[in-house]
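Tertiary structure, described
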Amino acid sequence: MSIDYERLSPALGAHVSGLDLTECSADLVSVLRKLLHQVGVVVVANQYMREEELLQFGLRWGELLTHPTSVKKTNPYVQVLASTDGVRGRGLGSWHSDMSWHPTPPRITMLYGRKIPKHGGDTCYSNQRLALEMLDVARRDKRRSHRRDMPSRQDIEGFRANHTGKGFGDDVPDSVHPVIRTHDETESQALYVNPEFTTHLVDIDRAESDRILWPLWMHAISEEFVYRHRWHAGDLVIWDNRLVMHTAILDYDTPRTMLRVVVKGDVPA
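Quick look at the structure, then. (Residues numbered from 1 in each chain as written. Predicted model: local features only at pLDDT ≥ 70, side-chain atom pairs only at ≥ 80, totals over all residues. Heavy atoms only, no water.)

This next bit is on the pattern of salt bridges. Within the structure shown, the criterion is met by 14 salt bridges. Here aspartate 174 and lysine 166 are joined by a salt bridge, their closest N and O atoms 3.1 Å apart. Relative accessible area serves as the criterion here: at 38%, lysine 166 is assigned to the partly exposed category. Residue arginine 242 is joined to aspartate 240 by a salt bridge in which the shortest nitrogen-to-oxygen separation is 2.8 Å. Residue arginine 242 is classed as buried on the basis of its relative accessible area of 2%. (Salt bridge = Lys/Arg side-chain N within 4 Å of Asp/Glu carboxyl O. Buried < 20%, exposed > 50% of the residue type's maximum accessible area, 1.4 Å probe, protein only.)

As structure tokens, then:
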């Protein structure tokens, strides 16, 4: 089968409409999976899903993971992200790949917009496959000062980084993953470090680790690699954590409710 879609930006993203994911076949999941591998982020509009329906849709993609901040023990695989009065002025979002501190971090995240503020609350996504492909080109661009100290791709080949989830509790594990990750389904490669969970590169001096990571992160979120999604109620956004980083824009001041499930991945290699 095939589906119609529109690209959302040159860097990544596709928008799909005319689907009812509560009546989803294995063939449709296969088509969506292939599209996701190409574009990194798929937005399926106009969905009306209860928690159980989102759970069942997620299970069609694989085994699900729980999250340490999940509070609904009756349904631990559907995380409810709710703000009753907005978040303006209460903090800043941070770029990350979901649960990269996990030994087998999620390959897929699905975020469903149940209640959306009239203004604000966007989510930004950055294509880390493209960021890696453009690393050496950007390094030669002297117009941006942070790029003068940026490592080349060859400089980071074989490096590993420590990722921590201790912000969610002392019992949440740390994990060490490759800085350049190979996608286990497409065999494409992408950067796999992020400012929220990556603490340092292992087996080298901390100062040297910082010298490499900071310009790498600045490069990874360059505008050329980013799509900014403006939410509408009923949007289901699916993204591939193996090749995409994201951040929430915490600028809204009215209630917002989202549902999230994450699909377990393999050990990054």
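Next comes the rest of the account.
Here we come to the nonpolar core. Core analysis: the biggest nonpolar cluster contains 30 residues, and Leu21, Leu32, Phe57, Trp61, Met110, Leu236 and Ile238 have the highest contact counts within it. Counting residues per element, the ones that place at least two in this core are strand S2 (14–16), helix H1 (26–39), strand S3 (41–44), helix H2 (51–59), strand S6 (108–115), strand S14 (236–240) and strand S16 (256–263). Broken down by element, this core gets its largest block of residues, seven residues, from H1. Grouped together as the second largest cluster of nonpolar side chains are 21 residues, Leu132, Leu135, Ile212 and Trp217 included. (Core = buried A, V, L, I, M, F, W, Y, C linked by side-chain atoms within 4.5 Å. Helix = DSSP H or I, 4+ residues; strand = E, 2+ residues; numbered from the N terminus.)

Here we take up the pairing of strand S13 (residues 226–229). Only one face of S13 is buried, namely the one carrying Tyr227 and His229, since none of Val226 and Arg228 on the opposite face is buried. Inspection of the sheet shows strand S7 (residues 123–127) paired to S13 by four bridges, in the antiparallel sense. Directly across from serine 126, in S13, lies its bridge partner valine 226. (Pairing = 2+ DSSP bridges.)

Attention now goes to the environment of alanine 14. The residue alanine 14 is located in strand S2 in this model. It is 33 Å that separates the C-alpha atoms of alanine 14 and histidine 200, two residues lying 186 residues apart in sequence. If near-sequence neighbours (up to four positions away) are discounted, alanine 14 is found in contact with Tyr5, Glu6, Arg7, Leu8, Leu35, Val39, Val41, Val42 and Val43. (Contact = heavy atoms within 4.5 Å.)

Let us look at unusual backbone geometry. For glutamate 187, which is not a glycine, the phi torsion comes out positive at approximately 65°. Of note, glutamate 187 is situated in the loop between strand S10 (180–182) and strand S11 (189–191). Looking at glutamate 187, the relative accessible area reads 64%, which means it is exposed. Positive phi, normally seen in glycine, also occurs at aspartate 203, with a value near 70°. Summarising the element assignment, aspartate 203 is placed in the loop between strand S12 (198–201) and helix H6 (206–220). With relative accessibility at 70%, the residue aspartate 203 sits in the exposed group.

With respect to topology, three strands assemble into an open sheet ordered S9-S8-S12, the strand pairing being antiparallel. What marks the edges here is a single partner per strand, and that holds for strand S9 (174–178) and S12. For this sheet, the mean angle separating the axes of adjacent strands, direction not counted, is 30°. For strand S8 (residues 160–164) and S12, the ladder comprises three bridges, and the chain directions are antiparallel. (Axes fitted to C-alpha atoms, helices over the stretch in contact; angles between N-to-C directions.)

Another aspect to go through is the sheet that holds S7. If you walk across this open sheet you meet the three strands as S13-S7-S15, and the pairing is antiparallel. The open sheet has two edge strands, S13 and strand S15 (244–248), and neither has a second partner. Averaged over all adjacent pairs, the angle separating strand axes in this sheet is 20°, with direction ignored.

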